[in-house]
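Descriptive analysis of the structure
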Amino acid sequence: MSHHIVEVQNLSYTYADGTKAVDGISFLIHHGESVAVVGANGAGKSTLLLHLNGYLTPQKGKVRIGDFPLTKKTIKDIRKTVGMVFQNSDDQLFMPTVYDDVAFGPLNLGLPAEEVEQRVLEALSRTNSEHLKDRPPYKLSGGEKRAVAIATVLAMSPDILVMDEPTSNLDPRARRSLIDLLSGFHHTKIIATHDLDMVLDLCERTIVILDGKIMADGPTLEIFQNTDLLVTCHLEKPLRMQPCPVLKPKVLK
Amino acid sequence: MAKIDTAFFDLSKLEEMANNDTVIHRIDPRIKVLVASMFVICVVSFHKYTISAILPFGLFLIIVMGLAEIPAFFLLKKIVLVSPFAIMVGIFNPLFDQQPIMVLGAITITGGWVSFVSILLRFGLCVGAVLVLIASTGFNTICLAMVKLGMPKIFAVQLLMLYRYIFVLIEEGLRMYQAMTLRTFHGRAIAMKTYMHLAGQLLLRTLDRAQRIHLAMLCRGFDGNIRIRQSLRMARLDIFFLAACFAILLLMRCYNIPAMFGRLITGIT
Amino acid sequence: MHMADALLSPAVGGTMWVATAGTIFYCSKKVKQDLDDRKIPLMGVLGAFIFAAQMINFTIPATGSSGHLGGGLLLAILLGPYAAFLTIASVLVVQALFFADGGLLALGCNIFNLGVFPCFIAYPFIYKPIAGTNPTPLRIGIGATLGAIIGLQLGAAGVVLQTVASGISELPLSAFISVMLPIHLAIGLVEGLVTAAVVSFIWKSRPELLDLTAAARPLGDISLTKVIATLGVVTVITGGALSWFASSSPDGLEWSMFKVSGHEELEAPEKGIHHTLAVLQEKTSFLPDYGFKAGEPEAEGLVETASWPAVDSGTTTSGLVGGLMTLALALSIGLLFRKRSKTA
């Protein structure tokens with residue numbers, strides 16, 4: 001419990017059709033760290049994330065979560081430790097009401113009824129969505145869905161949060177409140193995303209991936225200032241770090 | 001079968017009505033399922049030439065509908081628009097059954113016409129009963145009630161999952177359909193070949209989605225068993241409602257009430 | 001081709017309900033034993049897929065009419081018969097509840113007609129043997145098309161038999177069946193072609209998906225003898241129940257519970273002096289069974305009208321007046337509620 005470490009050693013994964021999605025990746029994430037995994041579409045981010053909660057088992061190399069190496073035997077414990085928030089909330093919210101959905105995990109843990117209820121209400125209040133309790137998921141807005149999806153994960157009380165594109169398809173206000181919400185969490189966070197502005201707000205460290213390989217791993221600000229690296233990896237400087245295109249010409253005058 | 005966009009509207013509209021809070025909405029769903037079943041059984045058990053004795057059932061339905069604050073026009077529209085199979089089959093009755101059974105002045109009414117009207121009545125009442133049930137209860141609650149009444153849990157899970165993803169898939173199907181009709185220029189329906197491709201694509205996406213949902217379930221400790229929260233409580237009022245409804249329905253089934261009233265008024269015995 | 005409550009007698013509807021509920025229980029047990037928990041989300045979304053895909057219509061070449069995807073066989077190919085049956089049943093339940101396709105009592109018939117035939121006849125005995133263990137696009141195409149046609153023919157025959165046995169519609173068996181079967185032959189052909197195309201599409205683009213569903217459980221464990229035996233038992237029970245109802249209820253297929261509860265005795269006094277109980281019983285005792293109806297219209301018409309008090313003008317008038325009053329009352333209550341909801 002004392003060291004929620006995510007350790008990936010020389011991990012490789014090739015799909016049945018021969019696509020090498022992950023190719024010799026290694027990194028170490030410490031307790032409480034907030035790390036962004038960025039890269040172009042198809043760079044291997046999703047495949048990497050699928051290894052962290054044991055959906056895929058390593059073909060080559062090692063994955064270690066906390067005290068457990070990832071094997072078939074430890075999958076259950078690892079899934080309790082790692083909470084995964086999916087890119088599409090509709091895939092994550094499959095029960096008839098929000099309450100049922102948040103209760104799904106705790107019920108599977110075999111907790112007594114009172115504790116299930118307590119966990120559900122706590123998770124909902126931490127994501128400011130108590131009022132959605134009895135609503136069916138398809139009636140929620142994109143932002144509400146995302147908040148509830150996070151609540152379903154929090155109800156499992158994980159130590160590590162893994163998120164795939166948490167800000168995709170959100171309107172600016174929903175995006176902002178999500179960022180505020182996440183910055184309040186003290187979990188170890190691993191976020192795969194294209195939203196580099198969010199990375200500036202949330203993650204002190206960034207790992208850049210291209211074609212299944214790590215291109216850079218270091219402090220976020222340092223990496224985002226390396227324009228050449230970003231261009232090679234199909235990325236772009238976060239807007240906040242770019243000179244303003246509207247004001248710039250006027251200033252030059 | 002409804003068209004995809006109207007289907008989406010209807011589903012949401014009925015679900016919205018189910019979220020109301022009226023006397024009828026508050027009744028235990030098991031009771032409502034039982035009463036609706038009893039209603040249908042009573043109506044269909046009438047003889048095929050029965051018309052007048054069925055009418056009180058319409059009154060019963062209208063009262064329940066009113067108490068549940070379900071807009072009559074919406075219901076009527078749905079009943080009229082619904083699958084025409086019964087009417088298509090029923091319309092042959094006047095053709096095959098030309099036995100005169102009633103003479104009104106110069107008009108002779110044959111058994112076929114009477115039984116056809118009876119079919120129309122039955123049709124409206126049975127369809128109406130189902131719609132009132134769903135609009136005053138909601139799908140998920142009906143599923144819970146059915147589990148309590150003995151439906152296998154795995155089938156209940158299937159119904160709940162299906163209902164959850166109907167909205168997602170109709171939206172997805174609608175988007176693909178719109179994208180296609182934007183580039184089709186002859187009418188609503190699309191060509192069969194295009195349809196095959198569309199259905200194939202949608203199916204492929206659906207299969208992928210199933211994989212992702214399964215993953216999401218596994219991430220939260222899914223072990224093949226879905227636990228449904230069951231919190232239905234039968235109050236004394238519910239039992240009373242059940243008893244009252246059954247009594248009324250049986251009464252209406254056994255006595256031809258309109259005929260009795262009619263005799264009372266006209267004085268003919 | 002949804003069966004409707006309005007055409008059903010309680011005996012036929014009830015029997016089909018029992019048969020369908022039994023199949024649902026059996027399949028639920030089988031799916032649970034299957035232990036493939038991937039199927040739970042898969043069944044759910046595939047049901048939703050069938051639902052959505054059926055709402056998009058397409059034009060059938062050279063006819064101008066429109067068709068849609070048939071569900072049963074496609075689901076059986078993707079899920080295996082047991083899970084497919086539960087899935088198609090769930091789709092029909094939702095259609096019955098929200099679109100009132102048929103109604104509550106007819107649900108038993110509809111699930112039986114559109115579920116049992118494709119999943120337990122067309123799939124194991126037509127599609128499977130033709131597609132074989134090493135399917136080619138041609139084998140898949142022929143198997144799916146034939147399977148869909150035969151499944152739908154059986155379903156249409158089911159609708160005809162249930163309607164005729166119920167005796168509410170006057171359509172004679174021969175006329176009805178000679179209309180229904182050719183129509184559904186055409187529909188089945190179209191549905192079959194679409195099913196074949198969709199299955200080949202999946203097979204070409206993602207063969208592992210079909211392998212996955214097909215290999216998860218050997219699907220050949222349905223034996224023809226078992227199915228025939230089960231269907232035989234169902235037929236005997238249905239036939240037995242029907243004839244019991246037919247013989248125990250004097251006027252056609254009236255539901256016998258009301259007889260037991262004394263319905264005739266209750267209704268008899270209302271018919272007043274014109275019809276004493278004795279006369280009624282005497283009249284109804286030689287009522288021909290529903291099977292002979294077409295043959296003896298004269299005798300039957302007279303007696304059958306007995307339960308609708310129309311033979312003498314007195315009761316007809318009071319029936320009409322009372323009926324009109326009930327209608328007026330219903331209308332005014334309806335208007336009252338409408339007013340109230342408007343002001344509220």
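Quick caveat: nothing in here was measured; it's all calculated off a predicted structure.

**Some thoughts on the packing of helix α3 (residues 29-44) of chain B against helix α9 (residues 139-148) of chain B**
What describes two packed helices is the angle between their axes and the distance between those same axes. All names here are of chain B. At a closest axis distance of 8 Å, the pairing of α3 and α9 adopts a crossing angle of 85°. Here α3 is positioned roughly perpendicular relative to α9, judged by the angle of their axes. Contacts between α3 and α9 involve Pro29, Arg30 and Val33 from the first element and Thr141, Ile142, Ala145, Met146 and Lys148 from the second. Across the contact of α3 with α9, the residue classes tally to 5 nonpolar, 1 polar and 2 charged.

**Let's talk about the layout of surface pockets**
The volume enclosed by the largest pocket comes to roughly 1500 Å³. Lining the largest pocket are 45 residues, and of these Tyr15, Leu50 and Tyr55 of chain A together with Gln211 and Arg212 of chain B lie nearest its centre. Ranked by the residues each element gives to the lining of the largest pocket, the list is headed by helix α11 (residues 192-219) of chain B, at 8 residues.

**Digging into empty space enclosed by the protein**
Residue and element names in this part refer to chain B. Applying the stated criterion across every chain yields a total of 8 cavities of 30 Å³ or more. Lining the largest cavity are 13 residues; nearest its centre among them are Lys32, Val35, Ala36, Val64 and Val132. Those elements that place two or more of their residues in the lining of the largest cavity are α3, α4 (55-67) and α8 (111-137).

**Quick word on the domain arrangement of chain B**
Residue and element names in this part refer to chain B. Along its sequence, chain B is organised into domain 1 (4-151 + 235-266) and domain 2 (163-231). Inter-centroid distance (C-alpha atoms) of domain 1 to domain 2 is 34 Å. Counting from both sides, the interface comprises 11 residues of domain 1 and, opposite them, 12 residues of domain 2. Interface area, domain 1 with domain 2, both sides summed: about 1100 Å², of which 77% is carbon and sulfur. Linking domain 1 with domain 2 are 0 salt bridges, by the criterion used here. Scanning the region where domain 1 abuts domain 2 turns up 1 residue pair in polar contact (both at pLDDT 80 or more). Those elements that provide at least two residues to the side of domain 1 that touches domain 2 are α1 (4-18) and α9. Among the elements that make up the side of domain 1 that touches domain 2, the one with the highest residue count is α1 (6 residues).

**Details of the pattern of salt bridges**
When charged atoms on two side chains of opposite charge get close, those side chains can pair. Under the defined criterion, the tally for this structure stands at 19 salt bridges over all chains. For Lys20 of chain A, the salt bridge identified is with Asp23 of chain A, shortest N-O distance 3.8 Å. Linking Asp197 of chain A and Arg240 of chain A is a salt bridge whose minimum nitrogen-to-oxygen distance equals 3.4 Å. Of the two residues, Asp197 of chain A sits in helix α8 (residues 196-202) while Arg240 of chain A sits in the loop between α10 (227-232) and α11 (247-252), which places them 43 residues apart along the sequence. Three or more residues are tied together by salt bridges with common partners; here these are Asp91 of chain A together with Glu172, Arg205, Arg209 and Arg212 of chain B.

**Describing the sheet that holds strand β1 (residues 6-14) of chain A**
Residue and element names in this part refer to chain A. Within the open sheet, the 4 strands sit side by side as β2-β1-β4-β5. Their pairing is antiparallel. The open sheet terminates on both sides in strands that have one partner only, identified here as β2 (20-29) and β5 (68-69). As defined by bridge partners, β1 adjoins β2 across 7 bridges and the pair is classed as antiparallel. Across the sheet, the residue bridging to Thr14 is Lys20, located in β2. In this fold helix α1 (residues 45-52) packs onto β1, β2 and β4 (60-65), with an angle of close to 125° to the strand it touches most, β1.

**Regarding the interface of chain A and chain B**
Contacts between chain A and chain B engage 27 residues on the former and 28 residues on the latter. Between chain A and chain B, a total of about 2700 Å² is buried, with carbon and sulfur atoms accounting for 58% of that surface. Of all residues in chain A, the largest losses of buried area upon contact with chain B belong to Asp91, Phe94 and Tyr138 of chain A, amounting jointly to 26% of the total for that side. The interface formed by chain A and chain B contains 9 residue pairs in polar contact (both at pLDDT 80 or more). Taken together, the elements giving at least two residues each to the side of chain A that touches chain B come down to α3 (89-92) and α4 (98-108) of chain A. In terms of residue count, the dominant contributor to the side of chain A that touches chain B is α4 of chain A (7 residues). Residues belonging to the side of chain A that touches chain B are distributed by class as follows: 14 nonpolar, 7 polar and 6 charged.

About the thresholds
- Residues numbered from 1 in each chain as written.
- Chains lettered and ligands numbered in written order.
- Predicted model: local features only at pLDDT ≥ 70, side-chain atom pairs only at ≥ 80, totals over all residues.
- Heavy atoms only, no water.
- Axes fitted to C-alpha atoms, helices over the stretch in contact; angles between N-to-C directions.
- Helix = DSSP H or I, 4+ residues; strand = E, 2+ residues; numbered from the N terminus.
- Parallel < 35°, antiparallel > 145°, perpendicular 65-115°, else oblique.
- Contact = heavy atoms within 4.5 Å.
- Nonpolar A, V, L, I, M, F, W, Y, C, P; charged D, E, K, R; others polar.
- 1 Å grid on protein atoms, 1.4 Å probe; cavity = no way out; pocket = protein on both sides within 12 Å on 5 of 7 lines; lining within 4 Å.
- Points joined across faces, edges and corners; volume = space filled by probe spheres on them.
- Domains from an automatic or database assignment.
- Buried area = accessible area lost by both parts, 1.4 Å probe.
- Salt bridge = Lys/Arg side-chain N within 4 Å of Asp/Glu carboxyl O.
- Polar contact = N/O pair within 3.5 Å; in protein donor to acceptor, adjacent residues only side chain to side chain.
- Pairing = 2+ DSSP bridges.

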